[in-house]
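The primary structure of each chain is shown beneath.
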Amino acid sequence: MRLLDVGAVIDRDRNIQRAGPKTKVLEWLDDETAKYAILSHRWGTEVDYDEMTGLMKMDEQDRNEVRGRDGYQKIIGSCKQAEKDGYSWLWIDTCCINKDSSAELSEAINSMYRWYRNVQRCYVYLSDVDESAFPTEQDFSKFDRSNGWPEWFSRGWTLQELIAPKEVEFFNKNWVSIGTKKELTSTLEEITRIPDEVLRDGQVLSINSWRLEDRAYSLLGLFNVNMPMLYGEGSRAFQRLQLEIIRVSSDHSIFAWNPKGQLGYIGRAYMHRGILGRTIDRVKLTP
């Protein structure tokens, strides 16, 4: 996996006027041996791989525009937190993956659960939380687009990013720590409906995401399967996921899904429309 060199990122930003165009801030390392942290966050105005690696090749106006983005400040904030915690390496999905390479993007998505599982600490950045305490009650006036809770909980990828890491720490928008997964288990269970034993051990219950494909892709690591990413395929991604699970597993309970909406009644006969769930909402999967 490609990781940010925490010290190099901070030094480059601190000495931006003296940093050269060849300043290297990303390195390839083995996730099985490297000691690293990960940032889990809600996307906004982000900085991608090309911008992060080519920052010092830009003219001053373009460079200042990139550095002024919320996404760049998020990178610096997470690097400072990682340095404070003693980690030299940090992974952030926005700038550590070259998304121009479909092969690299596919490999990253297929490996992501493992990367989160092997991480030393996962930082969850809640950009819409101002308070110095984790919200313990729904607030629809503040989080109206995400069922009364911080928007981070409305992401499909949140499932694996909450379950896979052993150590998860939450931060508000000012990088003030507002609790850990262990400390907030009961509140997290209330928000996500994931039982505390699942938060500890890892399991799949339900998932929501704005993008149909991501609702399937974000489950790959949880089921230890791989398949190519085909954005634009819609709900077919979930059917391909089920086929991959069937291919590597002899557990036939995957066929025991709720058929409501998948069976049509014609006279006295039912017309069956396939043995696989057509959408993720119809099926309960447990790895």
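What you are looking at is a predicted structure, and each value in this text was computed from that prediction instead of being measured.

A.B. asks: Honestly, the confidence of the model for the protein chain in this entry has me stumped. Any pointers?
C.D. replies: Caution applies to low-pLDDT parts of the model: their predicted coordinates are not meant to be read in detail. For the protein chain, mean pLDDT is 84; residues scoring 70 or higher make up 84% of the total. Contacts of residues 204-210 to residues separated by more than four positions or lying in other chains number 28 contacts, the stretch itself having pLDDT below 50. Note on residues 261-272: pLDDT is under 50 here. Beyond four places in sequence and across chains, it has 16 contacts.

A.B. asks: Just to check I follow, could you spell out the pattern of salt bridges for this structure?
C.D. replies: One side chain can pair with another of opposite charge once the charged atoms of both are near each other. Tallied over the entire structure, the rule returns 20 salt bridges. One salt bridge in this structure joins E169 and R121, with 3.1 Å as the shortest N-O distance. Of the two residues, E169 sits in strand β6 (residues 168-171) while R121 sits in strand β5 (residues 121-125), which places them 48 residues apart along the sequence. Taken individually, E169 and R121 each receive the classification buried, so the pair is uniform in this respect. In this structure, K182 engages E167 in a salt bridge whose closest nitrogen and oxygen atoms are separated by 3.1 Å. Of the two residues, K182 sits in the loop between β7 (177-180) and α8 (185-192) while E167 sits in the loop between α7 (158-163) and β6, which places them 15 residues apart along the sequence. Judged by its relative accessible area of 59%, K182 is exposed. A single network of salt bridges, built from pairs that share partners, joins D130, E131, K142 and K173.

A.B. asks: Explanation requested: unusual backbone geometry in the structure shown.
C.D. replies: Glycine aside, residues mostly have negative phi, and peptide bonds are mostly found in the trans state. Unlike most non-glycine residues, N147 shows phi in positive territory, near 60°. With respect to the helices and strands, the residue N147 is situated in the loop between β5 and α7. Of note, W175 is a non-glycine position whose phi angle comes to about 65°, a positive value. With respect to the element layout, W175 can be found in the loop between β6 and β7.

A.B. asks: Quick question: what am I supposed to make of helix α11 (residues 236-248) here?
C.D. replies: For α11, with 13 residues, the first-to-last C-alpha span of 19 Å sits near the 18 Å given by 1.5 Å per residue. For α11, the set of buried residues is A237, F238, R240, L241, Q242, E244 and I245.

A.B. asks: Hey, could you run me through the sheet that holds β6 in this one?
C.D. replies: Sheets are built from strands paired through backbone hydrogen bonds, the pairs being either parallel or antiparallel. Strand order in the open sheet made by the seven strands is β2-β1-β4-β3-β5-β6-β7, with mixed pairing throughout. Looking at which strands have only one partner, the edges of the open sheet turn out to be β2 (26-28) and β7. Strand after strand, the sheet turns through a mean of 35° between neighbouring axes, direction not considered. Judged from the two bridges that link them, strand β1 (residues 2-5) and strand β4 (residues 89-92) form a sheet pairing that is antiparallel. Bridge assignment links D5 to a residue of β4, and that residue is W89. Seen against the sheet, helix α6 (residues 102-118) touches β1, β2, β3 (36-41), β4 and β5 and runs at an angle of roughly 110° to β3.

Definitions and cut-offs
- Residues numbered from 1 in each chain as written.
- Predicted model: local features only at pLDDT ≥ 70, side-chain atom pairs only at ≥ 80, totals over all residues.
- Heavy atoms only, no water.
- pLDDT = per-residue confidence, 0-100.
- Contact = heavy atoms within 4.5 Å.
- Salt bridge = Lys/Arg side-chain N within 4 Å of Asp/Glu carboxyl O.
- Helix = DSSP H or I, 4+ residues; strand = E, 2+ residues; numbered from the N terminus.
- Buried < 20%, exposed > 50% of the residue type's maximum accessible area, 1.4 Å probe, protein only.
- Expected span 1.5 Å × (residues − 1).
- Pairing = 2+ DSSP bridges.
- Axes fitted to C-alpha atoms, helices over the stretch in contact; angles between N-to-C directions.

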